[in-house]
Amino acid sequence: RAEKAGPMGLAALRCLNGLYTGLSFYIPRDAALEQRYAHAATAYELAVMVREDNPVVWYNLACMRARLGREDAAMDALSRAVDTGFNRTELLATDEDLDSLRDRKDFKKLAQSAAE
């Protein structure tokens with residue numbers, strides 16, 4: 001409905017925007033602080049269902065998945081982050097959330113492509 005013109009579309013868009021704010025920032029931030037990484041990952045997964053063009057949300061989803069030991073899924077999200085514009089290579093090199101991925105060949109290749 002958010003894609004349709006008129007009052008119903010506008011109302012649906014407003015609802016989605018409100019949900020997106022909570023799902024992409026507040027809910028996962030609080031969950032991660034409490035080390036509830038699965039809860040944070042779920043919030044980010046729902047956020048990218050609402051809007052899939054935010055590289056920071058994809059990056060944060062990758063971090064939570066890596067914390068959960070879901071390395072392949074973390075790499076998928078990290079790849080989406082880079083594809084949508086994530087270029088903070090210093091975080092790729094230093095973020096403790098990604099420690100479990102750093103020895104992977106695909107991680108090294110992705111980090112190199114993000115730097116270019």
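Look up: the structure comes first, before these words.
Residues numbered from 1 in each chain as written. Predicted model: local features only at pLDDT ≥ 70, side-chain atom pairs only at ≥ 80, totals over all residues. Heavy atoms only, no water.

Undergrad: What am I meant to see in helix α6 (residues 105-115) here?
TA: Helical periodicity: at 3.6 residues per turn, an α-helix aligns residues three or four positions apart in one direction. Phe-107, Leu-110 and Ala-114 are the residues of α6 that are buried. The arc that holds every buried residue of α6, seen down its axis, measures 65 degrees, which confines them to one face. The exposed set on the far side of α6, more than 90 degrees from its buried face, consists of Lys-105, Lys-109, Gln-112 and Ala-115. (Buried < 20%, exposed > 50% of the residue type's maximum accessible area, 1.4 Å probe, protein only. Helix = DSSP H or I, 4+ residues; strand = E, 2+ residues; numbered from the N terminus. Arc of directions from axis to C-beta.)

Undergrad: Honestly, the packing of aromatic side chains in this entry has me stumped. Any pointers?
TA: The relative placement of two aromatic rings is captured by the distance of their centres and the angle of their planes. Tallying each qualifying case throughout the model produces two aromatic pairs. Centroid distance Phe-25 to Tyr-26: 4.8 Å. Interplanar angle 85 degrees. Geometry classified as edge-to-face. Note on Tyr-26: relative accessible area 43%, which makes it partly exposed. Consider the rings of Tyr-59 and Phe-86, whose centres lie 4.3 Å apart with planes at 10 degrees: the pair is stacked. Taken as a pair, Tyr-59 in helix α3 (residues 55-67) and Phe-86 in the loop between α4 (71-83) and α5 (89-94) lie far apart in primary sequence, 27 residues in all. Each member of the pair, Tyr-59 together with Phe-86, is buried. (Phe/Tyr/Trp six-rings, centres within 6.5 Å; stacked < 30°, edge-to-face > 60°.)

Undergrad: Sorry, what's going on with unusual backbone geometry here?
TA: What you tend to see is this: most non-glycine residues have negative phi, and most peptide bonds are trans. Even without a glycine there, the phi angle at Gln-35 is positive, about 60 degrees. Structurally, the position occupied by Gln-35 is in the loop between α1 (7-33) and α2 (37-50). Accessibility expressed as a relative area gives 58% for Gln-35, which makes it exposed.

Undergrad: Can you help me understand the packing of α2 against α3 in this one?
TA: Angle between the axes and distance between the axes: these two values describe a pair of packed helices. With their axes 9 Å apart at the nearest point, α2 and α3 run at an angle of 150 degrees to one another. With respect to their mutual orientation, α2 and α3 come out roughly antiparallel. When you trace α2 past α3, the crossing you get is left-handed. Residues Tyr-37, Ala-40, Ala-41, Tyr-44, Glu-45, Ala-47 and Val-48 of α2 lie in contact with α3, whose contacting residues are Val-57, Trp-58, Asn-60, Leu-61, Met-64, Arg-65 and Arg-67. (Axes fitted to C-alpha atoms, helices over the stretch in contact; angles between N-to-C directions. Parallel < 35°, antiparallel > 145°, perpendicular 65-115°, else oblique. Left-handed = near helix turned anticlockwise from the far one by under 90°. Contact = heavy atoms within 4.5 Å.)

Undergrad: Help me understand the pattern of salt bridges, please; the structure alone is not making it clear to me.
TA: Side chains that differ in sign of charge can pair as their charged atoms come close. Summed over the entire model, instances satisfying the criterion amount to eleven salt bridges. Note that Arg-29 is salt-bridged to Asp-30, the shortest N-O span being 3.1 Å. Take Asp-30: its relative accessible area is 34%, and that puts it in the partly exposed class. When the shortest N-O distance is used, the salt bridge between Glu-90 and Arg-88 registers 3.0 Å. Because the salt bridges share partners, they merge into one network encompassing Glu-45, Arg-65 and Arg-70. (Salt bridge = Lys/Arg side-chain N within 4 Å of Asp/Glu carboxyl O.)

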